[in-house]
Amino acid sequence: AQKITQTQPGMFVQEKEAVTLDCTYDTSDQSYGLFWYKQPSSGEMIFLIYQGSYDEQNATEGRYSLNFQKARKSANLVISASQLGDSAMYFCAMREGPSNTGKLIFGQGTTLQVKP
Amino acid sequence: GAVVSQHPSWVICKSGTSVKIECRSLDFQATTMFWYRQFPKQSLMLMATSNEGSKATYEQGVEKDKFLINHASLTLSTLTVTSAHPEDSSFYICSARVPGHNEQFFGPGTRLTVL
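No experiment lies behind these values; they were computed from the predicted model shown.

Peer 1: How would you sum up the interface of chain A and chain B? Please name residues and give values.
Peer 2: Each side of the interface is counted separately: chain A has 19 residues, and chain B has 17 residues. With both chains or domains summed, chain A and chain B bury close to 1,500 Å², and 58% of this area falls on carbon and sulfur atoms. By the criterion of area lost to chain B, the three top residues of chain A are Met45, Lys103 and Phe106 of chain A, representing 28% of everything that side buries. Counting across the chain A and chain B interface gives one salt bridge. For Lys103 of chain A, the salt bridge identified is with Glu59 of chain B, shortest N-O distance 3.4 Å. Our count for the chain A to chain B interface comes out at five residue pairs in polar contact (both at pLDDT 80 or more).

Peer 1: So what's going on with the environment of Met89 of chain A? Which residues, and what values?
Peer 2: All names here are of chain A. Tracing the backbone through its elements, the reader meets Met89 in strand S10 (residues 88-96). The buried category is assigned to Met89, whose relative accessible area is 16%. Considering only alpha carbons, one finds Met89 and Gln8, 81 residues apart in sequence, at a separation of 11 Å. Look past the residues within four positions of Met89 in its chain and what remains in contact with it is Tyr37, Lys38, Gln39, Gln108, Gly109, Thr110 and Thr111.

Peer 1: Which residues make up the pairing of strand S8 (residues 64-69) of chain A, and what are the values?
Peer 2: All names here are of chain A. Judged by which residues are buried, S8 turns out to be one-sided: Tyr64, Leu66 and Phe68 face inward and are buried, whereas Ser65, Asn67 and Gln69, on the alternate face, are not. Inspection of the sheet shows strand S7 (residues 60-61) paired to S8 by two bridges, in the antiparallel sense. In the strand pairing of S8, Glu61 is matched with Tyr64. Counted between consecutive antiparallel strands, the loop separating S7 from S8 contains two residues, among which Gly62 sits at a positive phi close to 60 degrees. Of the pairings in the sheet, the one linking S8 to strand S9 (residues 74-79) comprises six bridges and is antiparallel in character. Pairing of Phe68 across the sheet is with Ala75, part of S9. The antiparallel pairing of S8 with S9 creates a hairpin that spans four residues between the two strands, and Lys73 there sits at a positive phi of about 55 degrees.

Peer 1: Would you mind going over the nonpolar core in detail, with residue names and values included?
Peer 2: Counting 26 residues, the largest nonpolar core has Val4, Trp35, Phe67, Leu79, Tyr92 and Leu112 of chain B as the members making the most contacts within it. Elements with a contribution of two residues or more to this core: strand S2 (10-13), strand S3 (19-25), strand S4 (32-38), strand S5 (44-51), strand S7 (67-73), strand S8 (76-81), strand S9 (90-97) and strand S11 (110-114) of chain B. With residues near it in sequence (within four places) discarded, Tyr92 of chain B still touches Gln6, Ile21, Tyr36, Arg37, Met47, Phe67, Leu79, Gly109, Thr110 and Leu112 of chain B. The next biggest cluster of nonpolar side chains, apart from the first, holds 24 residues, and it includes Leu21, Tyr64, Phe68 and Leu77 of chain A.

Peer 1: If you had to explain the packing of aromatic side chains to someone new, which residues and values would you point to?
Peer 2: If you walk through the whole model with that rule in mind, you get 13 aromatic pairs over all chains. Geometrically, the ring pair formed by Tyr37 of chain A and Phe47 of chain A is edge-to-face, given 5.8 Å between the ring centres and 65 degrees between the ring planes. Placement of the pair is Tyr37 of chain A in strand S5 (residues 32-39) and Phe47 of chain A in strand S6 (residues 46-52), with a sequence separation of 10 residues. Ring centres 5.5 Å apart and planes at 45 degrees place the aromatic pair Tyr36 of chain B and Phe106 of chain B in the tilted group. With Tyr36 of chain B in strand S4 and Phe106 of chain B in strand S10 (residues 104-106), the pair connects residues that are 70 residues apart, well separated along the chain. Note on Tyr36 of chain B: relative accessible area 0%, which makes it buried. What makes Phe106 of chain B buried here is its relative accessible area of 9%. Each member of the aromatic cluster is reached from another via a ring pair, and the members are Phe35, Tyr37, Phe47, Tyr50, Phe91 and Phe106 of chain A together with Tyr36, Phe105 and Phe106 of chain B. Sitting above the plane of the Tyr64 of chain A ring, Arg63 of chain A keeps its charged end 5.7 Å from the centroid. Here the basic side chain of Lys115 of chain A rests over the ring of Phe12 of chain A, its NZ or CZ set 4.8 Å away from the ring centre.

About the cut-offs
Residues numbered from 1 in each chain as written. Chains lettered and ligands numbered in written order. Predicted model: local features only at pLDDT ≥ 70, side-chain atom pairs only at ≥ 80, totals over all residues. Heavy atoms only, no water. Contact = heavy atoms within 4.5 Å. Buried area = accessible area lost by both parts, 1.4 Å probe. Salt bridge = Lys/Arg side-chain N within 4 Å of Asp/Glu carboxyl O. Polar contact = N/O pair within 3.5 Å; in protein donor to acceptor, adjacent residues only side chain to side chain. Helix = DSSP H or I, 4+ residues; strand = E, 2+ residues; numbered from the N terminus. Buried < 20%, exposed > 50% of the residue type's maximum accessible area, 1.4 Å probe, protein only. Pairing = 2+ DSSP bridges. Core = buried A, V, L, I, M, F, W, Y, C linked by side-chain atoms within 4.5 Å. Phe/Tyr/Trp six-rings, centres within 6.5 Å; stacked < 30°, edge-to-face > 60°. Lys NZ or Arg CZ within 6 Å of the ring centre and 35° of its normal.

By themselves, these observations are geometric and do not establish any function.
The following block contains the structure:
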């Protein structure tokens, strides 16, 4: 069974609008972490945002926010005021167990295209 | 932020040869590094966990004798693809977790093409 599911292979958004990228996860661990990474065409993986399973507030980093709904096991990424440079592949990832384990499991990814 | 480097950024080799890829943490010590492989238009798949001073832990289905990992120091892990074949052509990317932090930082990746 998929541990991390991203159901949107591709998304379009108009420049300056907000967009939500979906991510659901499956784990029986109580302690886990959720990550979002951006991968532009160059291939580098750029860390965007992190949410710990015990964090009560949704994580925010600039234009990025993570809509964490623990009961629904979802961790959607919201990008506000989209920019052309946001066009890239976006991966949701999960780390099971405490932070010192470190191993990440990735979703299938969502390709985001920002239209001018 | 923390920086992880990889070398080379790309390599083309003949079938049957071995290729070594280096992963370095530039401004922090990493007792654990991770090696991933990514085929075009696909997700990252964890290959192995590299532990400083001990044997690597390989994921199911990854041949440890084909993908040799050495983590000889707190800042360097190497992945050697032995007797490479065209099906090994892929994007190999390493990562490291900054001690005391949740973030995991990735190197820029190495694109391997085996002819």
